[in-house]
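Read off the chains here:
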Amino acid sequence: MPPLVSICICAYNRADFIGESIDSALAQSYSNIEIIVVDDGSSDTTPGIIAEYAKAYPEKIRPFLLEENIGPCLVRNHAFQQARGKYIALLDSDDRMLPDRIHKQVEFMESHPDHVGVFTMIRAINAQGLPDQKLDEEAALFNMPINNLRYQLLHGNFLNAPSALILANTLKMQGGLEPTLTYLHDYDLWVRLLAIGEMARLPEILTEYRIHGGNLSIGDNVLRNSAQIGMEIAATINRAAQLWSINQIAGRALTTSKEIADLQLNIAGKLAGKDIELFGEPRMLTATAYDYVLRASWHDRPRAHALKLELEKCVANSAAQASAAIRLPPSQELYRLAQAGWSHPPRIILGSFVATSQFDLIIQTCQSLLAQIHENWNFHIVCFDSAPAGLPNDSRIIWHRLSDDDDSLEVINKILMNEYGDLVGAIYPGDRLPEEGLFHFALKLHTTPYLQWIYSDEMQISQDGTIHNPISNPQFQHELTDGSNYHGGLNLYRRELFSKLSGFDLAFEGVEDFDIAVRAAKTLPESEAFHLPENLYYRHKEGRMTSLNLEEEYSLRRHSIDRASNTTSNH
């Protein structure tokens, strides 16, 4: 007889979706199942819906209706304890499984006795239960190729919990989910399970994952609690680095000292880089990185010693920053370590118009870009004159000489819309960035690929290069749109969004950056815009050339806000 599978569905106020979830479990082609449905003290009609299904399918459904809400981790652990099957299948109360999922997962597990769990690829669906191309980027995370599972998980989670089938005894022996974690209890569970056995993912879409405003792990609540989620990510990665053996992380037995040192030093760099990615400074993962360096010193002392000094320098800089309240960014080496695992470093395309009188300023801007740690960028300069002799000779700096009939802003629009890039935006002659400036934009897009608009704070830069007068922008909120100056700092947009907005509006030349920010703000949900709370843009007062006086500029800004508001209300 085929083994029993316990499908565990836990719900809290899911009256809109719970029926679809249960129906998808009942529709499985694999017949030897029990469906454990636990309601976590819902205040809507979810308990009644569950009771009706249990009455209609008493041989399949085992309902548990809790009187008080105990939270997502404890309620799932309660379901796991009730499970009688050899395997436990996870399914959230707003998701669906395709009919052959359990059959194919059991078939895999029965033929792979060294495995403790198996996932499936997923299809993202919207609140209406339909596929939505707007959700494809979020779904892509859970379908990314697996080359070396443990090594990849040292960067972050990409395994979809509602698609999992897990060996029940192993799950229960591990105590289920860690209830003290708010967001990453599933990631933590994968780490603990992978210390015991192997896990895999079937190369087939067998789970439909619903993405909507009520998701726990996706949306504004995560962005607003980024410090907490950063700590949970770091703690989970730290646990993985300590639990897994070097051979487990390698996915094979390493036989030479060089192989061992290579991987240990690689992991050390990956861990230290992750601290920079998450916190902008060394924290708990850097200590574990240091431990890996010490282990590697038994196999390759010179290279280990070099990285040891680099880590110590980074920690010393961070300590000096904390005690002196000054800005001491981590070394370039550690920023590059953070990028080492990126298969596709985000490409940034920048454009600028320059007048002949601003040649010295545009050269300063070019020099600032050439110093960037993030090197995957192109800078297009449009001008009615030929390039100056002092322009740096670099293939990423492209000079476009305009004809008398050209409109400079229109040409910049065409460039930013048509050249391949992930993020696009404009900067002005004389404006500069700190060396890690573009890195932070690229990093944020890399870690949160569904973002459409990222903007920073700024400072002013004087003629002698003195940086002063910091200007902070707010975190994006719709209700602040009309009263907040979101165009300050560096604003970079997804190229697709920039094109959808038709780029800079020629009718608003002189306040074009303000206008496109207003239109983006009226277009995007809050979760797709992100404020980098750092001074990553140094604005030169002579950079923007405009014929507008202050009254005309204010009038255009007001017109931009009114137009965007009217467009939104008409839709």
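Only a predicted model underlies this, so the values are computations on that prediction, with no experimental measurement involved.

S.K.: Which residues make up the overall build of the protein chain, and what values do they have?
M.R.: Helix and strand counts for the protein chain stand at 21 helices and 16 strands. The burial tally for the protein chain puts 55% of its 571 residues in the buried class. Considering only residue pairs separated by 6 or more positions, the protein chain has 76% of its internal contacts joining residues 24 or more positions apart.

S.K.: For helix α16 (residues 359-370), give the residues involved together with the corresponding values.
M.R.: Given 3.6 residues to a turn, an α-helix orients residues that are three or four positions apart in the same direction. Taking 1.5 Å as the rise per residue, α16 with 12 residues should run 16 Å; its terminal C-alpha atoms sit 17 Å apart, in good agreement. Within α16, burial applies to F359, L361, I362, I363, T365, C366, S368 and L369. Structurally, α16 contributes buried residues whose contacts are with β9 (348-353), β10 (377-383), β11 (397-401), α18 (437-447) and β16 (529-540).

S.K.: Give a detailed account of the packing of helix α12 (residues 257-279) against helix α13 (residues 284-296), specifying residues and quantitative values.
M.R.: Orientation of α12 relative to α13, taken along the N-to-C sense of each, is 165 degrees, at an axis distance of 8 Å. The orientation of α12 relative to α13 falls into the category roughly antiparallel. In the crossing of α12 with α13, the sense of the turn from one axis to the other is left-handed. Residue-level inspection shows A261, Q264, L265, I267, A268, L271, A272, K274 and D275 of α12 in contact with α13, the latter providing M284, L285, T286, T288, A289, Y292, V293, R295 and A296. Taken together, the residues of the contact of α12 with α13 sort by class into 12 nonpolar, 3 polar and 3 charged.

S.K.: How would you summarise helix α1 (residues 18-26) if you had to cite specific residues and measurements?
M.R.: What α1 keeps buried is the set I18, G19, S21, I22, S24 and A25. Where α1 is buried, its residues meet β1 (5-11), β2 (33-40), α2 (46-56), β3 (61-66), β4 (87-92) and β5 (96-97).

S.K.: How would you sum up the pattern of salt bridges? Please name residues and give values.
M.R.: Counted according to the given criterion, the structure contains 28 salt bridges. Residue R303 pairs with D300 through a salt bridge whose shortest N-O separation is 2.8 Å. Its relative accessible area of 38% is what places R303 among the partly exposed residues. With a shortest N-O distance of 3.0 Å, R539 and E458 are connected by a salt bridge. A residue pair is termed long-range when its members are at least 10 positions apart, and R539 in strand β16 and E458 in strand β13 (residues 453-461) qualify at 81 residues. Here the two residues R539 and E458 agree in accessibility, since each one is buried. One network of salt bridges, in which partners are shared, links E20, R96, R123, E208 and R210.

S.K.: Any details on the side chain of Q264? Residues and values, ideally.
M.R.: With respect to the secondary-structure elements, Q264 resides in helix α12. Q264 has contacts with I246, Y292, R295, A296 and H299, leaving out every residue within four places of it along the chain.

S.K.: Give me the lowdown on the pairing of β13, citing residues and values where you can.
M.R.: Burial of β13 is extensive: 8 of the 9 residues sit out of reach of the surface. The pairing of β13 with strand β15 (residues 491-494) spans 3 bridges and is antiparallel. Looking at β15, one finds that W453 is bridged to Y493. Here 9 bridges tie β13 to β16, and the two strands are oriented parallel to one another. Residue pairing for β16: M459 is matched across the bridge by Y538. Bridge analysis of β13 against strand β14 (residues 467-471) gives 3 bridges, and the strand direction is antiparallel. Counterpart to Q460 in the pairing with β14 is H468. Once β13 ends, the chain turns through 5 residues before running back antiparallel as β14, passing G465 with a positive phi of about 90 degrees.

S.K.: Break down the sheet that holds strand β7 (residues 165-167) for me, with residues and values.
M.R.: Strand pairing in a sheet is mediated by backbone hydrogen bonds. Such pairs are either parallel or antiparallel. Taken together, the 8 strands give an open sheet; going across it, the order is β3-β2-β1-β4-β7-β6-β8-β5, and neighbouring strands pair in mixed fashion. Edge positions in the sheet fall to β3 and β5, since each of these pairs with one other strand and no more. Pairing of strand β6 (residues 115-125) with β7, which is carried by 2 bridges, proceeds in the antiparallel orientation. The residue bridging G117 from the neighbouring strand is I166, located in β7. Contacting β1, β2 and β3, α2 runs over the sheet at an angle of about 155 degrees to β3.

S.K.: Any details on the packing of aromatic side chains? Residues and values, ideally.
M.R.: Taken as a whole and judged by the stated rule, the model has 7 aromatic pairs. Taken together, a centroid distance of 6.1 Å and an interplanar angle of 75 degrees make the contact between F353 and F384 edge-to-face. In this pair, F353 sits in strand β9 while F384 sits in the loop between β10 and β11, placing the two residues 31 residues apart along the sequence. Here F353 falls in the partly exposed class, since its relative accessible area comes to 27%.

S.K.: So what's going on with the environment of A240? Residues and values would help.
M.R.: Turning to its location among the elements, A240 is positioned in helix α10 (residues 226-243). Of the residues examined, A240 reaches a relative accessible area of 0% and is grouped as buried. Leaving out residues up to four positions away in the same chain, A240 has contacts with L154 and V191.

S.K.: Which residues make up the confidence of the model for the protein chain, and what are the values?
M.R.: Per-chain confidence: the protein chain averages 88 in pLDDT, with 89% of residues scoring 70 or above. In this model, residues 324-328 is a region of pLDDT below 50 whose contacts with residues beyond four sequence positions or in other chains number 12 contacts.

S.K.: So what about a negative patch on the surface? Which residues, and what values?
M.R.: A grouping of D404, D405, D406 and E410 is seen on the molecular surface, where their side chains present a negatively charged patch. Structurally, the position occupied by D404 is in the loop between β11 and α17 (408-418). Since its relative accessible area comes to 75%, D404 is described here as exposed.

S.K.: Quick rundown of the environment of Q128? Include the residues and the values.
M.R.: By secondary structure assignment, the location of Q128 is in the loop between β6 and α5 (136-142). Residue classification places Q128 among the exposed positions, given a relative accessible area of 61%. Separated by 84 residues in sequence, Q128 and H212 place their C-alpha atoms 9.2 Å apart.

S.K.: So what about the pairing of strand β12 (residues 423-426)? Which residues, and what values?
M.R.: Burial of the side chains of β12 extends over both faces: L423 and G425 are buried on one face and V424 and A426 on the other. Pairing of β9 with β12, which is carried by 4 bridges, proceeds in the parallel orientation. Across the sheet, residue G351 finds its bridge partner in β12, namely A426.

S.K.: Summarise unusual backbone geometry; cite the residues concerned and give the values.
M.R.: The backbone phi angle of N13 is positive, close to 50 degrees, even though this residue is not glycine. Relative to the helices and strands, N13 resides in the loop between β1 and α1. A positive phi angle is found at S502, which is not glycine, with a value near 65 degrees. Structurally, S502 can be placed in the loop between α19 (495-500) and α20 (512-523).

Basis of the calculations
Every chain is numbered on its own, with residues counted from 1 as its sequence reads. Two thresholds apply to this predicted model, a pLDDT of at least 70 for residue-level local features and 80 or more for giving and counting side-chain atom pairs, whereas whole-chain, interface and lining totals are computed over all residues. As a convention, hydrogens and water are excluded, and side-chain values are obtained from all of the structure's heavy atoms. Under the scheme used here, helices are H or I runs from DSSP no shorter than 4 residues and strands are E runs no shorter than 2 residues, and both carry numbers assigned from the N terminus. The buried label goes to any residue with under 20% of its type's maximum accessible area, the exposed label to any with over 50%, and the partly exposed label to all in between, with areas taken from a 1.4 Å probe on protein chains only. For this analysis, residues touch if any pair of their heavy atoms sits within 4.5 Å. Expected helix span is computed as 1.5 Å times (number of residues minus one). Throughout, an axis means a line fitted to C-alpha atoms (over the contacting stretch in the case of helices), and angles, computed between N-to-C directions, take values from 0 to 180 degrees. In what follows, roughly perpendicular refers to angles from 65 to 115 degrees, roughly parallel to angles under 35, roughly antiparallel to angles over 145, and oblique to any angle outside these ranges. Note on convention: the crossing is left-handed when the near helix lies turned anticlockwise from the far helix by less than a right angle, right-handed when the turn is clockwise. Side-chain classes are defined by residue name, with Ala, Val, Leu, Ile, Met, Phe, Trp, Tyr, Cys and Pro counting as nonpolar, Asp, Glu, Lys and Arg as charged, and the others, Gly among them, as polar. The salt bridge criterion pairs a side-chain nitrogen of Lys or Arg with a carboxyl oxygen of Asp or Glu, the two atoms within 4 Å. Only when DSSP finds a minimum of two bridges between them are two strands counted as paired. Pairing of aromatic side chains here covers Phe, Tyr and the six-membered ring of Trp, requires ring centres within 6.5 Å, and sorts the geometry by plane angle: under 30 degrees stacked, over 60 edge-to-face, intermediate tilted. Within a predicted model, pLDDT stands for the predictor's per-residue confidence, ranging from 0 to 100. Residues enter patches when they are more than 30% accessible in relative terms and free of salt bridges; like-charged ones are connected within 9 Å and nonpolar ones (Val, Leu, Ile, Met, Phe, Trp, Tyr) within 5 Å. The accessible surface values rely on the Shrake-Rupley method and a 1.4 Å probe; as for residues, cover is taken only from the protein chains in view. By the counting rule applied here, Lys and Arg register as positive and Asp and Glu as negative, while His and the ends of each chain are not counted. Where a charge lies is defined by one atom per residue type, namely NZ (Lys), CZ (Arg), CG (Asp) and CD (Glu).

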